[in-house]
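# Overview (structure and organization)
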Amino acid sequence: MRLLYTLRGIFLSLIILMAGAACGSSGRDTVDVQLESNLIRGEVRWPLTAEIEPVYVFGFDRRLEPKEDVRIYSGLLEYLERVTGYRFRLHVTPRTGSLVHEMLDERVDFAAAGTLTYLQVRETSEALMLVSGINIHGENSYRSLIVTRPDSSLNSLQDLVNHSFAFGSTNSTQGYLIPRIMMSQADIQLTDLRSYEFTRSHFETSNAVISGRVDAGAIQDTLGRSLVEQGLVRIIAQSDLYPSSGIIAGAHVPAEVAEAVQQALLAFNPSYLNGLELYHWERTEMPNGFALVTDGAYDELRQWAEIYRLLQPQS
Amino acid sequence: MKLQTKIIILTSLIVISLGVLTIGAINTMVANQLTGELNAHGSTLVQISGNAIANALLDGDVVAVQEFLQYLKGTNPNIEYAYAIGAPGRTIVHTFPDGFPLDLLAANAVSNGQLTQQTRLNTESGIVHDFGWRLTDKLDVELHLGFSQIGITQILQELTWIIFGLTAVGMGVGVIAAVVFGRFVTSPLAQLTEGVQRFGSGDLTQTIAVSSRDELGDLARAFNRMAADLQGTITQLRDSQAGYRALLKAAGQVGEGIALIHDETTDEGSFLFVNDEFCRLTGYDRAHLLQLNAAKVIHPSSLNAVYEAWQSIRDGESTALRHEMTLLTRDRCKVVVETSGTIITYEGQRALAWFTRDITERKAKEAEIQRRNRELATLNSVSVIMNQHSSNIENMLHEALEQALSALGVPAGWISIAPEDSPPYLAAVVGLSESLSGLETEFPDCECGLVIQTRQPIVVKPGKNCISIKSTMVDGNGINCHASVPLMGGGRVIGALSAAAHSPSVFNEENFRLMVMIGAQLGVALENVRLWKDLQDKERLRAQLLAKAIRAQEDERRRIARELHDEIGQSLNALIFGLKTAELSMMEYSVDAQEVLKRLRVSTSDAVRELQTVIYDLRPSLLDDLGLIPAIRWYAEDRLESVGVRVSWEVVGNDEERFTPDIETALFRIAQEALTNASKYAEATEINIGLHLNDDRINLTICDNGIGFDISNVLDNRERDGRGLGLLGMKERADLLSGTLDIESKPASGTCVRVAIPLRQDDMSVFESSNGDSP
C-alpha cells in the first residue's frame, strides 16, 4: 500500500513538473492583439498624441546625416526642457522643404541654423538670433573649408578652375555663401569651374569629394577638420572667420519663452553636467556652448548674400 | 508484489521520471535560451535596422523604408511583421499584406524616455515578440519588428518528441534490464526465501548453497552464519527459559508473587503473566487475572504511588524500584506487600516485571512492635522517674503523670491515692488550671471510683462529684470526659490514674492498655514505696528490737549479776563467812557452832530460793515442762494476783495440749509482755485471759479494765516509751509465726491484746517428736 502511495506521488509530481515546464513561458505579461482582423487599409498614420501643454518645435539646418543631427539636437532639447521647463519637439525639414519657410509659416519655433538661414528669415520677419555657437577655439565664428581628396592635385583655390566642385545647400552659409566669397576674393567665378553641384548637407558634400564624384567641395570647418584627421580629405583653402551659426527664435515665439531659451543657451556648458545628455556635441558648430550675438554682426555677410541674391529663401 | 515486478516498475518509473524531468528541464532551458537569443537578436536587429533606415524615415523615403522592411521580413522567417513610423506626417510603413492591424496602434508604442521596448503579443498565430525602436523621444520615428515564437515552439515540440522517444526506448531497455537483473537477483533471493521459510518452520540445520562471490553470495553466507548463531541463541534461550521457569517457581515457593504487566500503550496495565503466589495473594485465578488490568488489584490509596514509580522506571530515572503498597484482593481485603519492578522484554513485548511479597503480618508485627516500643518507652520513662524520685512520692507521681499524659497525648490528668487507713487525696495534678492544693477529690466515691470495685479502666463523663466537673484545663476548655485506671498495689486498688480529654475517641484500646500498664507500674511503684517504707520502719524496728534485746539481755545479765551478787553472792559470802566461823568454832569449841550452822542452812536456803526466782524470771521451767497454759497461769498469779489484780481464765480446748516450743515461747512472751504492761501501766483491777485452741489456730486474748492507752502514740514514741518496743516485739513474735496481733485500747477503756497463731500439722508432730527432748 505504501508503494502505491509512493508511485502515485511520483506521478503527480511529474505531471506538475511537466505542466510547469510547458507553461514555463506563459503567464508573463502579454498583450492580446488581433493581427488578422480589424485591419486598416491604405495609408496609415501614427496617431498624434494629444498634448496638454504647448510644445515648441525645434528645427535645424542639416549638417550631418539626418539621424545624427536628430540625435545631437535631442540632447540639446533635453537640456532646454530641464532648464526652461518648456517642452520641445524636433522637426526634420523634408528634403523638398525649407526651414526658412517653416519658420516663416510658424511651423518651426526655434532652429539651429546657419547665418544664411537667419538672414533669409530675418529678411521678412522679426526672428532673432538668440545666441551663436562658440567653436573649439572659444570664438563664436566659423570658417568654411575647401577640401579635396588627399591624393588630389589641387592645392589652392586657383587650382579649382576647370575642376568639378560641390557646394552644400544653397541656404548653407558655410557650404555656399562663404565659399562664394572665397572664390570671389580669389577671382574665381562659377563659370570657371568645370561643373558644380549643390548637395543637401556638408555630409553629402564630403561624400561627393571623398567618393571622387567631384574634385573639391566646400564644407564646414568642424566636419572638414574631422575628415582631415581621419585622412579622408585635404584642405586646400579656408575662409576668414565669420559669425557662426546659432539658435534662431521665430518672430512668433513669445518673448518670455525666447528669453528663457536664450538664457538657458547662454548657460549651456557642454563640458560639465550637460555633456552627459549630449550626443557627440563636439561635432556641432557650437562645441563650447553659446554666446550672445547681435544682428549687426551679420551685416557683412548680409551684404554678400544680397550680392549673390541669397536673401530670398531658396527652394 | 514480486521483487522483479517492483524492479520493473521502479526502473520504468525512474526512466519515465528522468524522461519527464529531462523534457521539462531541456524544454525550459532550450526555451529560455531560444527566447533569450530571440530577444537579443530581435533587439539587436531592430536597433540596427532602425539605424539603417533612420535617414530614410526622417527624409520620408517611404519606398526605401518599405523595401527595407520587406527585405527584413523576407530574410528572417521568424519575423511575423515589420512596420515603421516615419517623418514627416508619422506615416506607417508596414509589411502586413492585408492592412495594418488596428490593435497595434495602441499595443506597443515605445514609452516616453525609452528608445527601445519589447512587448509580448498574444496573436492568432501564437506569441509574437514585438521589438520597438525609436531614434529619439523628441520625434515620432519608430521601427517595430514582430518576431514569432512559432519557431521556438516547433523546436521545443520536436525536442519533446525526441526526448519522449528516447525515454520510451530507455524505458524499454530498462524493463528488459530489470527483467534480466530481476531474475539474476531474485533467483538467489528465492533460495534465501526458501531457506528462511525452513528456518521459520524450525529447521535451522540446513544451509544455503553459496556459489557466487558477489553481494548475494555474501548475503547467503551471512544467512548461514545467522542460522548457526540463531541455533545457538535458541538453545541458550531455551535454557534461559527453563531457568526462568525454575526461577519463577522457586520465587513462588518462597512467597514471591510475580506478575508481568504490559508496558505498551495499547494494552498498558494488563497482565501478561502471573505466578501461583500472585494468584494466591490477590485471590484471583490465573485466567481471571490475565483479563484484568493491574489497577484492579491495587488499593486506591496506592494507585498514585504505583503509577509514579512505574513512570520513573520508564523515564529511566531508576531501573528498579522498591516500595511498599497495598493490594486489594478479590474479597476486597487489603494486603500490604513489598514490591519491586523493572522493565523487561517478554515474548517480544515490553513489560513491567512486578515482584511482590506479602508483608501484612510483618507490618502488623512492626505496628505491634512500635506500639510496644511506645509502651516500653513510656513505662521506662515512668520507671526512671520512679527510681529517681523513689523517696519523694509527690515529685515522682507528678513527673510520672506528666510522662503518661504526654505518651497518651492528652492535655490533663490527675492521680488519686486511697490509702487503706486514711482518706483519699489528690497526689498529682497536671494540666488543670487549679493547683493541687485548690482541688478536692471525692475519690473513690466519685464516678471514677468504680475502678476500685471493678478494677477495670473506665471512661466517664464528668459527674457532679467528679473533680473534673470542678476544674478546667489549662487551655481554658472544660473536661468533656476522662478515663481512669486503677493503681494496684499489694493486691488492692490503692488509687487511680485519670486522664482528661476533649473526646472519648482518644481512649482507644491502645491508649487504654498503656494507661493500665502505667497504672500498674505506678501502683507497683507506690506499693514498693510503701513496702520500702515499711521495710525501713521494720528495719528500724528490728534495730530497735535488737538494741532492746541486747539491752534487755544486758539488763538481764546485769540483773542476774546484781541479783547473784547482791543476793546469792551475799548469801554465799555469808555462807563462806559462816563456814569459816563454824570452822573456827569447831576449832575453838564454840557453843554457837550449831547455831552458826543453822544460820548457814537458812542462808543457803534463801540463796537457793533467790536463785530459783532468778531462774524462773529468766525462763520458767513450767513452760518447758508443763506447757503454755500452766506457764501463763503461773506468771499471771505470780505477777498480778500477788499485787491484788484478779485474774480470770477462759480456756477452750484441751488445756494440756502442747505445741511447738516456738509457739509456746512466743505466746508466753506475748502474754508475759501484756501482763507486765497491765501490771505496770494499766492500773487494772481485773484481767481476763482467754485461750481458744482449735485445730488450725490458737487464739489468746488478754483484756484488762485498766486505764488504756493511745496505741499510735505509744508506737510513735516507742523509743522513749518502753511499751512501744514491747508492743512491736509482741507483733514481731506473732508475725514470725505467721500470726496476727491486735491490740485494742483506748484511754479509760481498758486494753485487749488478741493473738492468733495458725497451727500446722507438724507443729503438733514436732512437739510430739521433741517432747522427750525437753531441756
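Before reading on, note that the structure itself is shown above.
Okay, so let's go over this structure. Along each chain, the written sequence defines residue order, and numbers are assigned to residues from 1. Chain labels run from A onward and ligand labels from 1 onward, assigned in the order the entries are written. Predicted model: local features are reported for residues with pLDDT of at least 70 only, side-chain atom pairs are reported and counted for 80 or more only, and whole-chain, interface and lining totals are derived from all residues. Only heavy atoms go into the side-chain values, all of them from the structure, while hydrogens and water stay out.

It is worth spelling out the environment of Asp299(A) at this point. Where helices and strands are cited, they refer to DSSP runs of H or I of at least four residues and of E of at least two residues respectively, numbered from the N terminus. Mapped onto the fold, Asp299(A) is located in helix α9 (residues 299–307). Taking C-alpha positions, Asp299(A) is 9.9 Å from Pro243(A), a pair spaced 56 residues apart along the chain.

Here the focus is the pairing of strand β9 (residues 144–148) of chain A. Residues and elements named next belong to chain A. Burial here depends on accessible area, computed with a 1.4 Å probe over protein chains only, as a share of the maximum for the residue type. Under 20% is buried, over 50% is exposed, and the range in between is partly exposed. The element β9 is largely enclosed, with a buried count of five among its five residues. One requirement defines pairing of two strands: DSSP has to find at least two bridges between them. Sheet topology places β9 next to strand β12 (residues 216–220); five bridges connect them, and they run antiparallel. Looking at β12, one finds that Leu145 is bridged to Ile219. One ladder, built from four bridges, connects β9 with strand β13 (residues 234–238); its direction is antiparallel. Paired with Thr148 across the strands is Arg234, a residue of β13.

On to the sheet that holds β9(A). Residue and element names in this part refer to chain A. Strand order across the open sheet formed by five strands is β11-β10-β12-β9-β13, with mixed pairing between neighbours. The open sheet has two free edges, formed respectively by β11 (195–198) and β13, since each of these has just one partner strand. The sheet shows a mean angle of 30° between the axes of neighbouring strands, taken without regard to direction. The sheet contacts of helix α5 (residues 173–185) involve β9, β10 (164–167), β11, β12 and β13, and relative to β9 the element is tilted by about 85°. It only takes one pair of heavy atoms within 4.5 Å for two residues to be counted as in contact. To get an axis, a line is fitted to the C-alpha atoms, and for a helix only the part in contact is used. The angle between two axes follows their N-to-C directions and goes from 0 to 180 degrees. Against the sheet, helix α7 (residues 221–229) contacts β9, β12 and β13, and its axis sits at roughly 120° relative to β12.

The next thing to look at is the interface of chain A and chain B. The interface is formed by 48 residues belonging to chain A together with 52 residues belonging to chain B. Note on definitions: salt bridges are taken to be side-chain nitrogens of Lys or Arg within 4 Å of carboxyl oxygens of Asp or Glu. Its salt-bridge partner being Asp140(B), residue Arg89(A) comes within 4.0 Å of it at the nearest N-O pair. Contributions of two or more residues to the side of chain A that touches chain B are made by α1 (2–22), β1 (31–32), β2 (39–40), β3 (44–45), α2 (66–84) and β5 (87–90) of chain A. Residues that form the side of chain A that touches chain B fall into these classes: 24 nonpolar, eight polar and 16 charged. By the bridge criterion, two bridges tie β3(A) to strand β2 (residues 91–94) of chain B in an arrangement that is antiparallel. Bridge assignment links Val44(A) to a residue of β2(B), and that residue is Ile92(B). Amino acid classes used here: Ala, Val, Leu, Ile, Met, Phe, Trp, Tyr, Cys and Pro are nonpolar; Asp, Glu, Lys and Arg are charged; the rest, including Gly, are polar.

Residues and elements named next belong to chain B. Its 15 residues give helix α8 (residues 300–314) an end-to-end C-alpha distance of 22 Å, which sits within 8% of 21 Å, the value for a rise of 1.5 Å per residue. For α8, every residue scored as buried is listed here: Ser302, Val306, Ala309, Trp310, Ser312 and Ile313. Within α8, the buried residues cover an arc of 160° as seen down the axis, which keeps them to one side. Of the exposed residues in α8, the ones pointing more than 90 degrees away from its buried face are Pro300, Asn304 and Glu308. Phi turns positive, to about 80°, at Gly316, one or two residues after α8. For a helix, the expected span equals 1.5 Å multiplied by the residue count minus one. This arc is taken over the directions from the axis of the helix to the C-beta atoms.

Moving on, we get to the packing of aromatic side chains. Residue and element names in this part refer to chain A. In this analysis, rings of Phe, Tyr and Trp, with Trp reduced to its six-membered ring, are considered paired at centre separations within 6.5 Å, and the interplanar angle assigns stacked below 30 degrees, edge-to-face beyond 60, and tilted for intermediate values. One pass over the full model with this rule turns up 30 aromatic pairs over all chains. With a centroid separation of 6.1 Å and 80° between ring planes, the pair formed by Phe167 and Tyr196 is classed as edge-to-face. Taken as a pair, Phe167 in strand β10 and Tyr196 in strand β11 lie far apart in primary sequence, 29 residues in all. The class for Phe167 is buried, based on a relative accessible area of 0%.

Attention shifts here to the environment of Gln191(B). Mapped onto the fold, Gln191(B) is located in helix α4 (residues 150–200). Sequence-wise, Gln191(B) and Ala209(B) are 18 residues apart; in three dimensions their C-alpha atoms are separated by 8.6 Å.

All names here are of chain B. Note on terminology: disulfide denotes any pair of cysteine sulfur atoms within 2.5 Å. The full count for this structure, using the stated rule, is one disulfide over all chains. Paired through a disulfide, Cys703 and Cys752 show a sulfur-sulfur distance of 1.8 Å. In this structure the cystine formed by Cys703 and Cys752 twists about its S-S bond by roughly 120°; its chirality is therefore right-handed. Separated by 49 residues along the polypeptide, Cys703 in strand β19 (residues 697–704) and Cys752 in strand β21 (residues 751–758) bring together distant segments of the chain. Residue Cys752 is classed as buried on the basis of its relative accessible area, which comes to 15%.

Two faces belong to every sheet, and in a regular strand the side chains alternate between them. All names here are of chain B. Side chains Thr91 and Val93 project from β2 onto one buried face, and the interleaved Ile92 and His94 project onto a second face that is buried too. Here strand β1 (residues 79–86) pairs with β2 via four bridges, running antiparallel. By the bridge assignment for β2, Gly86 is matched with Thr91.

All names here are of chain B. We place a 1 Å grid over just the protein atoms. Points where a 1.4 Å probe fits but has no way out form a cavity, open points with protein on both sides within 12 Å along at least 5 of 7 lines form a pocket, and any residue with an atom within 4 Å of a point lines it. Grid points are joined across faces, edges and corners, and a volume is the space filled by probe spheres set on the points. Applying the stated rule across the entire model yields two cavities of 30 Å³ or more. What the largest cavity holds in volume is close to 170 Å³. Looking at the largest cavity, it is lined by 16 residues, and the ones nearest its centre are Asn677, Ala678, Asp704, Phe709 and Thr751. Mapped onto the lining of the largest cavity, the elements with two or more residues apiece are α17 (661–682), β19, α19 (722–736) and β21. Among the elements that take part in the lining of the largest cavity, α17 stands out by supplying five residues, more than any other. When its residues are assigned to classes, the lining of the largest cavity shows eleven nonpolar, three polar and two charged. When its volume is computed, the second largest cavity comes out at roughly 80 Å³.

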